[in-house]
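Below are the chains, spelled out letter by letter.
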Amino acid sequence: MPELPEVESLAADLRERALGRVIDRADIAEFSVLKTYDPPLAALHGATLTDVTRHGKFLDLITTPASNSGGSSARASSSGDRLPQATTAGDQLHLITHLARGGWLRWREEMPSQPARPGKGPLAFRLRFTDGAGFDLTEAGTRKRLAVYLVHDPAAVPGVASLGPDPLAPDFTADVLGGLLAGRRTQIKGVLRDQKIIAGIGNAYSDEVLHAARMSPFRLASSLTTEDVEALHKVIVETLRSAVERSAGLAASELKKEKKAGLAVHGRTGEKCPVCGDVIREVSFADSALQYCATCQTGGKPLADRRLSRLLK
Ligand SMILES: [Zn+2]
């Protein structure tokens with residue numbers, strides 16, 4: 001699943017390629033993907049892509065509809081002591097997407113001119129600019145979890161409105177992190193992944209952060225000392241920042257490979273810990289698994305894997 005660093009890089013890649021381009025059309029190839037109905041996707045026709053940003057793991061394409069471009073400034077300057085009307089923000093349309101676990105964005109200089117058609121393939125959504133370039137959002141499997149929203153205000157997307165602070169924001173200090181963890185009698189692994197507490201960290205980077213912090217994923221958040229919180233804060237920022245730097249300038253198609261290459265423990269069960277050489281272990285859950293190094297993180301004691309112990313009984 002794309003997490004903060006990959007979505008950050010997708011946003012940068014799209015800014016580089018597509019700012020100023022005019023949207024010809026946007027279509028869904030799978031009905032369940034589009035989570036909003038007003039305004040309709042047709043409202044994007046003729047809109048200019050003016051910025052691309054990120055909210056946690058949500059990608060936000062900011063567009064200005066054709067009818068509004070350049071209208072308000074002349075009126076504001078001639079209005080004397082009256083306040084200029086705040087028209088631009090409200091008139092913008094935000095095309096927001098969450099790529100979910102298996103979704104991806106694929107840029108193409110030449111898009112097919114016919115719109116996307118519902119089908120069984122990985123295609124979920126297609127956007128084409130008037131110059132013929134564009135991108136597909138794809139997700140393997142018949143059940144698409146990828147989500148697309150078209151809204152005037154990002155806060156209208158429930159998952160965006162409920163996001164916790166962004167760990168790469170300048171005001172995300174160790175004190176802020178300490179406040180988020182204080183009193184939470186839940187495992188630090190789950191806390192780091194909870195988008196309502198901290199935005200943008202998922203299963204992969206929470207494994208990486210905890211490995212770099214030499215902290216057990218099962219440690220209770222409320223048990224962290226001030227020093228623990230400071231150390232954890234440092235590795236969160238460093239881990240995410242270095243992942244963003246590694247993927248800077250890479251095209252969407254190269255990001256997945258780069259992400260995997262940069263991970264020390266996540267997805268590497270059975271391989272050697274790059275720090276100490278111990279074998280990387282795994283704890284499995286119903287729909288996910290975490291990886292860790294016992295020597296680095298749990299004093300050499302393997303964590304209980306309930307699925308495994310059930311099998312052994
Ligand atoms: Zn290790």
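Residues numbered from 1 in each chain as written. Predicted model: local features only at pLDDT ≥ 70, side-chain atom pairs only at ≥ 80, totals over all residues. Heavy atoms only, no water.

Draft legend 1. Main features of the pattern of salt bridges. Throughout the structure, instances matching the rule amount to 17 salt bridges. With its nearest N and O atoms 2.8 Å apart, the salt bridge here joins aspartate 27 to arginine 25. The exposure class of aspartate 27 is buried, given its relative accessible area of 14%. Aspartate 278 serves as the salt-bridge partner of arginine 281, at 3.4 Å between the closest nitrogen and oxygen. Overlapping salt bridges, with partners in common, bring together Glu3, Glu6 and Lys259 in one network. (Salt bridge = Lys/Arg side-chain N within 4 Å of Asp/Glu carboxyl O. Buried < 20%, exposed > 50% of the residue type's maximum accessible area, 1.4 Å probe, protein only.)

Draft legend 2. Representation of the packing of helix α7 (residues 203–212) against helix α8 (residues 226–247). Across the interface, α7 lies against α8 with an axial gap of 9 Å and an inter-helix angle of 130 degrees. By the angle between their directions, the pair α7 and α8 is classed as oblique. Here α7 runs over α8; the crossing is right-handed. Contacts from Tyr205, Glu208, Val209, Leu210 and Ala212 in α7 reach Leu232, Val235, Ile236, Thr239, Leu240 and Ala243 in α8. Considering only residue class, the contact of α7 with α8 consists of 9 nonpolar, 1 polar and 1 charged. (Axes fitted to C-alpha atoms, helices over the stretch in contact; angles between N-to-C directions. Helix = DSSP H or I, 4+ residues; strand = E, 2+ residues; numbered from the N terminus. Parallel < 35°, antiparallel > 145°, perpendicular 65-115°, else oblique. Left-handed = near helix turned anticlockwise from the far one by under 90°. Contact = heavy atoms within 4.5 Å. Nonpolar A, V, L, I, M, F, W, Y, C, P; charged D, E, K, R; others polar.)

Draft legend 3. Layout of helix α9 (residues 252–262). Of all the positions in α9, only Ala252, Leu255 and Lys259 are classed as buried. Mapping the buried residues of α9 onto a view down its axis gives an arc of 30 degrees, with all of them on the same face. Opposite its buried face, α9 presents the exposed residues Ser253, Lys257 and Ala261, each directed more than 90 degrees away. Where α9 is buried, its residues meet α1 (4–18), β5 (103–108), α7 and α8. (Arc of directions from axis to C-beta.)

Draft legend 4. Representation of the confidence of the model for the chain in the model. Per-residue confidence for the chain gives a mean pLDDT of 89; residues scoring 70 or more make up 90%. For residues 69–87, every residue scores under 50 in pLDDT, and the model assigns this stretch 5 contacts once sequence neighbours within four places are set aside. (pLDDT = per-residue confidence, 0-100.)

Draft legend 5. Up close: the coordination of the zinc ion. Taken together, the protein donors to the zinc ion comprise Cys273 (SG), Cys276 (SG), Cys293 (SG) and Cys296 (SG), at separations of 2.2 to 2.4 Å. Metal-centred angles of 95 to 115 degrees between the 4 donor atoms at the zinc ion mark the site as tetrahedral. Each donor residue of the zinc ion belongs to the same chain, with the gaps between them written as C-x2-C-x16-C-x2-C. The burial state of cysteine 293 is the same as that of cysteine 296; both residues are buried. (Donors = N, O, S within 2.8 Å, 3.2 Å for Na, K, Ca; no water. Tetrahedral: all angles 85-135°; square planar, octahedral: opposite > 155°, others 65-115°.)

Draft legend 6. Fine view of the sheet that holds β5. Pairing is antiparallel in the open sheet, where 4 strands are placed in the order β1-β6-β7-β5. Of all strands in the sheet, those with a lone pairing partner are β1 (23–28) and β5, marking the two edges. Within the sheet, the average angular offset between the axes of one strand and its neighbour, ignoring direction, is 15 degrees. Bridging between strand β6 (residues 123–129) and strand β7 (residues 134–139) involves 5 bridges; their strand directions are antiparallel. Directly across from leucine 127, in β7, lies its bridge partner phenylalanine 135. (Pairing = 2+ DSSP bridges.)

Draft legend 7. Quick look at the side chain of histidine 94. By secondary structure assignment, the location of histidine 94 is in strand β4 (residues 93–98). Within the structure, the side chain of histidine 94 is placed 2.8 Å from the side chain of aspartate 60, a separation counted as a polar contact. Sequence-distant contacts of histidine 94, defined by excluding residues within four places in its chain, comprise Asp60, Leu61, Ile62, Tyr149, Leu150, Val151, His152, Asp153 and Pro154. (Polar contact = N/O pair within 3.5 Å; in protein donor to acceptor, adjacent residues only side chain to side chain.)

Draft legend 8. Seen up close, the sheet that holds strand β2 (residues 48–55). The strand order across the open sheet formed by 4 strands is β2-β3-β4-β8, and the pairing between neighbours is antiparallel. A single partner strand is all that each edge strand has here, and the edge strands are β2 and β8 (147–151). Adjacent strand axes in the sheet meet at a mean angle of 20 degrees when their direction is disregarded. Summarising the sheet, strand β3 (residues 58–64) and β4 pair through 6 bridges and their orientation is antiparallel. Residue pairing in the sheet places phenylalanine 58 in a bridge with histidine 98 of β4.

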